[in-house]
Amino acid sequence: MRTDLYLFTTHFPTGLSGELWLYNEILITHKNYERIFIFPDHDVYDPVSLPSNCFSQQNVLANSEKEVLTVGDLSRIIKIVLSDFVSLAKHGAFASNLKYNLSLIKKLYKKAKYISKQIESPERSVLYAYWSDNAATLACMIKTFKPSVKAISRAHGYEIYEDLKKDKIIPFRNYQNKHIDCIFSVSKKGLEHLKSKYPNFTNKYSYSYLGTNDNEIAPLSSSNKFSIVTCCNLNIIKRIDLVPSILKHIKFELTWHLIGDGPEFKKIEKLNSELPSNIKVVYHKHLSQDKVFDFYKENEVNAILSVSYSEGLPVSMMEALSFGIPIITTEVGGCSEICTSNTGILLERDFNSYHVAEKIIEFKSSYMNKEQFRIGCREFWMKNFSAENNYSKFAAEISV
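These notes cover the structure that comes with them. Everything numeric here is computed off the predicted structure, so don't read it as measured data. (Residues numbered from 1 in each chain as written. Predicted model: local features only at pLDDT ≥ 70, side-chain atom pairs only at ≥ 80, totals over all residues. Heavy atoms only, no water.)

As a further point, take helix 8 (residues 188-197). Inspection of helix 8 places Gly190, Leu191 and Leu194 among the buried residues, and these make up the whole buried set. Considered in projection along helix 8, the buried side chains sweep an arc of 100 degrees and stay on one side of the axis. Opposite the buried face of helix 8, by more than 90 degrees, sit the exposed residues Glu192 and Ser196. Considering only its buried residues, helix 8 is in contact with helix 7 (173-179), strand 6 (182-185) and strand 7 (205-207). (Buried < 20%, exposed > 50% of the residue type's maximum accessible area, 1.4 Å probe, protein only. Helix = DSSP H or I, 4+ residues; strand = E, 2+ residues; numbered from the N terminus. Arc of directions from axis to C-beta. Contact = heavy atoms within 4.5 Å.)

The 6 strands are arranged 10-9-8-11-12-13 in an open sheet whose pairing can be described as parallel. Sheet topology places strand 10 (279-285) and strand 13 (344-347) at the edges, where each strand pairs with a single neighbour. Neighbouring strand axes in the sheet, compared pairwise and without regard to direction, differ in orientation by 20 degrees on average. Here strand 9 (residues 254-259) pairs with strand 10 via 6 bridges, running parallel. Paired with isoleucine 259 across the bridge in strand 10 is lysine 285. (Pairing = 2+ DSSP bridges. Axes fitted to C-alpha atoms, helices over the stretch in contact; angles between N-to-C directions.)

In this section: the packing of helix 5 (residues 94-116) against helix 6 (residues 134-145). Interhelical geometry of helix 5 versus helix 6 gives an angle of 50 degrees and a closest axis separation of 9 Å. Put simply, helix 5 runs oblique to helix 6. The handedness of the crossing between helix 5 and helix 6 is right-handed. Taken together, the residues of helix 6 that come into contact with helix 5 (itself represented by Leu104, Ile105, Leu108, Tyr109, Lys111, Ala112, Lys113, Ile115 and Ser116) are Asn134, Thr137, Leu138, Met141, Ile142 and Phe145. (Parallel < 35°, antiparallel > 145°, perpendicular 65-115°, else oblique. Left-handed = near helix turned anticlockwise from the far one by under 90°.)

Our focus in this paragraph is helix 3 (residues 71-82). An ideal rise of 1.5 Å per residue puts 16 Å on 12 residues; helix 3 measures up with 17 Å between its terminal C-alpha atoms. Taken together, the buried positions of helix 3 are occupied by Asp73, Ile77, Ile80 and Val81. The buried residues of helix 3 occupy one face: seen down the axis, they fall within an arc of 100 degrees. Exposed positions of helix 3 whose direction lies more than 90 degrees from the buried face are Val71 and Lys79. If you follow the buried residues of helix 3, they end up packed against helix 4 (85-90), helix 5, helix 6 and helix 7. The opening residue of helix 3, the one whose side-chain oxygen lies 3.3 Å from the backbone nitrogen of glycine 72, is threonine 70. (Expected span 1.5 Å × (residues − 1). Polar contact = N/O pair within 3.5 Å; in protein donor to acceptor, adjacent residues only side chain to side chain.)

A word on the packing of aromatic side chains. Summed over the entire model, instances satisfying the criterion amount to 20 aromatic pairs. Plain terms: the ring middles of tryptophan 131 and tyrosine 158 are 6.0 Å apart, the flat faces sit at 40 degrees to each other, and that makes the pair tilted. With a gap of 27 residues between them, tryptophan 131 in the loop between strand 4 (125-129) and helix 6 and tyrosine 158 in the loop between strand 5 (150-155) and helix 7 connect regions that are remote in the sequence. For the ring pair phenylalanine 293 and phenylalanine 323, a centre distance of 5.8 Å and an interplane angle of 55 degrees mean the geometry is tilted. In this pair, phenylalanine 293 sits in helix 11 (residues 289-298) while phenylalanine 323 sits in the loop between helix 12 (315-322) and strand 12 (327-330), placing the two residues 30 residues apart along the sequence. On the basis of relative accessible area, phenylalanine 293 is assigned to the buried category, the value being 9%. Joined through ring pairs, the aromatic side chains of Tyr128, Tyr130, Trp131, Tyr158, Phe184 and Phe394 make up one cluster. Over the face of the ring belonging to phenylalanine 265 we find lysine 285, whose NZ or CZ atom lies 4.5 Å from the ring centre. (Phe/Tyr/Trp six-rings, centres within 6.5 Å; stacked < 30°, edge-to-face > 60°. Lys NZ or Arg CZ within 6 Å of the ring centre and 35° of its normal.)

Another aspect to go through is the pairing of strand 5. Summarising burial for strand 5: 6 of the 6 residues are buried, a large majority. Here strand 5 shows no split at all, with Lys150, Ile152 and Arg154 on one side and Ala151, Ser153 and Ala155 on the other all buried. With helix 6 bridging strand 4 and the parallel strand 5, this β-α-β connection has right-handed handedness. Here strand 5 runs beside strand 6; their pairing, made up of 4 bridges, is parallel. Paired with isoleucine 152 across the strands is cysteine 182, a residue of strand 6. (Right-handed = clockwise from strand over helix to strand, strands pointing away.)

Structure, rendered in structure tokens:
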């Protein structure tokens with residue numbers, strides 16, 4: 001049984017990070033390990049309170065920069081960069097990316113060399129990259145120094161689907177495939193994509209759902225009030241700027257709770273200023289996870305809406321579903337695995353705004369906007385997206 005876990009993140013355990021849902025996982029999986037060492041890419045500020053056997057590793061980048069590279073090291077660095085040659089050459093992008101990739105891989109290699117010296121018992125250790133990006137590449141490099149460690153990674157959305165990348169490739173996926181023990185997609189749809197894209201490595205792919213904590217069902221009154229919520233970062237991929245074009249076709253009074261912030265906020269705010277008077281928009285900006293839960297407990301929400309161009313399998317939908325709130329979402333990524341006929345309405349990715357408005361109007365007077373349907377939503381969450389169930393199973397699986 002492997003009892004030491006080395007976790008590679010972007011910001012976690014920073015308290016306001018976009019990976020805060022990872023806290024739910026740590027609170028469950030820490031019981032399976034003697035020690036968990038967490039290596040964030042960036043400095044940690046306002047850290048969350050971790051279990052006593054979890055240790056956030058600071059100053060790794062500064063310390064790793066002191067590592068001296070041998071001729072053999074430089075040769076391996078060049079080989080790693082060349083692992084992307086065929087894929088990038090097809091898009092005419094190898095030469096333009098060469099300088100950046102050399103710098104990136106050199107930095108990751110030094111970090112891997114430094115971290116590998118900290119691993120006391122490789123045969124008892126698991127390297128866990130939370131994202132299949134640079135973190136997974138780093139884990140694979142460490143494994144070349146310590147071959148008896150187990151290296152695994154999660155893959156969410158942008159590290160699975162090539163169409164989200166500038167050069168239409170996942171950087172260093174060929175290298176990862178060669179050295180990783182397993183890549184766990186957070187959705188079945190993502191797993192299918194990986195297997196079809198890289199058929200020679202199907203034995204290295206699996207899936208494991210994320211999960212959220214148990215919340216009591218949010219009651220729904222018999223009043224005629226109707227509200228929806230969007231809960232996401234306000235970036236181009238999420239396409240929240242399309243929501244006003246949907247809501248302008250709705251004639252009854254509707255409140256839109258907009259949770260989230262980001263580069264698209266000003267654009268969305270301007271578009272919302274042109275909405276008819278029957279549409280009320282409440283801006284909540286960024287909310288911590290606890291504040292989101294408080295919002296669901298204190299406000300009646302009829303549905304959560306997502307119009308994203310691409311997704312993995314959104315934790316925000318799991319959270320809403322745990323309160324019994326139905327989902328209306330575009331059919332992208334793994335969304336069809338959480339939004340079914342038992343939990344909500346699937347929309348085409350390239351939807352017509354008027355048709356989506358019709359769906360919302362129909363939803364308001366349908367069986368989906370009833371207490372019994374919401375009970376079914378929560379039961380579906382409990383069966384498929386319970387943090388206790390999913391993370392306990394995942395921790396046991398990767399520890400073998």
